[in-house]
Amino acid sequence: MTDASQNTRAGFVAIVGKPNVGKSTLLNSLLGVKIAPTSPRPQTTRKHIRGIYNTDTEQIIFVDTPGLHKPKDALGKYMNNEVHTALADVDAIIWVVDLRHPPTDEDQLVARQVRELRQPLLLVGNKVDAAKYPDEAFKLYRALIESRTGDTTEFTLSAQNDPVAVMDVRTSILGLLPENPFFFPVGAASDQSREQWAAEIVREEAMKKLRDELPYAVATRVNSWTERDDGLQRIEAEIVVEKPAHKGMVIGAGGKQLKEIGQAARKQLEVFLSRKVYLGLQVIVIPNWREDTEALRELGYE
Ligand SMILES: Nc1nc2c(ncn2[C@@H]2O[C@H](COP(=O)(O)OP(=O)(O)OP(=O)(O)O)[C@@H](O)[C@H]2O)c(=O)[nH]1
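Computed from a prediction, not measured in an experiment: that's the story for all the values here. (Residues numbered from 1 in each chain as written. Predicted model: local features only at pLDDT ≥ 70, side-chain atom pairs only at ≥ 80, totals over all residues.)

**Quick notes on helix H3 (residues 105-116)**
Taking 1.5 Å of rise per residue, the 12 residues of H3 would be expected to cover 16 Å, and the 17 Å separating its terminal C-alpha atoms lies within 8% of that figure. When we look at burial in H3, the residues that qualify are Asp107, Val110, Ala111 and Val114. Taken end-on, H3 shows its buried residues confined to a sector of 105°, consistent with a single buried face. Of the exposed residues in H3, the ones pointing more than 90 degrees away from its buried face are Asp105, Gln108, Arg112 and Glu116. Buried residues belonging to H3 abut strand S1 (9-16), strand S4 (92-98), strand S5 (121-126) and helix H4 (134-144). (Helix = DSSP H or I, 4+ residues; strand = E, 2+ residues; numbered from the N terminus. Expected span 1.5 Å × (residues − 1). Buried ≥ 20, exposed ≤ 12 C-beta atoms within 10 Å, placed from the backbone. Arc of directions from axis to C-beta. Contact = placed C-beta atoms within 7 Å.)

What follows is the structure in structure tokens.
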């Protein structure tokens, strides 16, 4: 009998870091395909999204954690729980920091978590392309975890436009994988359903357009997805807001903003699906959904 586990190595890797440092961007480059949503606003990644990288004999399962922050409401608490769950049982941790700035309180919070963990750590100093004093900044981040006992490997890079450096990170991770059979069938790129993926793209585009506090009160879901004989993908989605007053803000004067959100999302979906897409978008109100455990579950935050 052949035992696949003799020849294969596989493991889980968590990506941590405060909001907006480039975790999703790094994950996307590590995978080579777009999985997690990226946008210029912090806290875009609310879901526990995994991406999987396969070679013939190796499998890396990435756990993309939401930004660590001080919980303000039920959603915030959910997010911090996610971070703990993600870190408890992984084989390696990638901590992403933004080299454009020295560490903040939020980085200290992440560092406190990372310090306690014995797994190998990859400290990734990101956005070096836009950093004035990257070496000085890196020193300050390194100092936050001086007392750590586990191995630390350091990288300075630009997740956005330095694929060669990102490949070094991936090679380093591959070297850390324990002997294991594959956890997921080869060919699986993500454990998200296509509906969840499309909903994230709609949310990403909505958040780019919306201003101030509103984006954090926006959730999205896809209610139906059908394929016509000619290949057209018909997707019906909802943007969920928590107050009636927010509805109009999302729709915009004469429906202009909703139309723009829909167009931008449709374009993205068409690129990734290589198919024509019809995207139907509705805005609905679920009062205070962020405080409502039931609604959070319904919207996929569990
Ligand atoms: N200049 C520069 N910007 C980058 C780089 N990597 C990411 N960014 C930008 O930083 C912003 C945040 O990137 P994300 O990947 O969404 O960050 P994140 O850490 O996943 O954010 P959250 O989901 O809020 O936790 C986006 O506007 C990215 O385009 C980089 O290497 N250089």
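Don't stop here, the text continues.
**Thoughts on helix H6 (residues 194-209)**
Along an α-helix, a turn takes 3.6 residues, which lines up residues three or four apart on a common side. When the terminal C-alpha atoms of H6 are compared, their 23 Å separation across 16 residues agrees well with the 22 Å that a helix rising 1.5 Å per residue should span. Every buried residue belonging to H6 is among Ala198, Ala199, Glu200, Ile201, Val202, Arg203, Glu204, Glu205, Ala206 and Met207, and all of these are buried.

**Quick word on the packing of helix H1 (residues 23-31) against helix H5 (residues 163-176)**
Between H1 and H5, the shortest axis-to-axis distance is 9 Å and the interhelical angle comes to 80°. Between H1 and H5, the interaxial angle falls into the category roughly perpendicular. In contact with Leu26, Ser29 and Leu30 of H1, H5 contributes Pro163, Val166, Val169 and Arg170. Here the contact of H1 with H5 is built from residues that sort into 5 nonpolar, 1 polar and 1 charged. (Axes fitted to C-alpha atoms, helices over the stretch in contact; angles between N-to-C directions. Parallel < 35°, antiparallel > 145°, perpendicular 65-115°, else oblique. Nonpolar A, V, L, I, M, F, W, Y, C, P; charged D, E, K, R; others polar.)

**So, unusual backbone geometry**
Unlike most non-glycine residues, Asn20 shows phi in positive territory, near 75°. Counting through the fold element by element, Asn20 comes out in the loop between S1 and H1. We note that Lys127 has phi near 65°; this positive angle belongs to a residue other than glycine. With respect to the helices and strands, Lys127 occurs in the loop between S5 and H4.

Any functional reading would require information that these geometric values do not contain.
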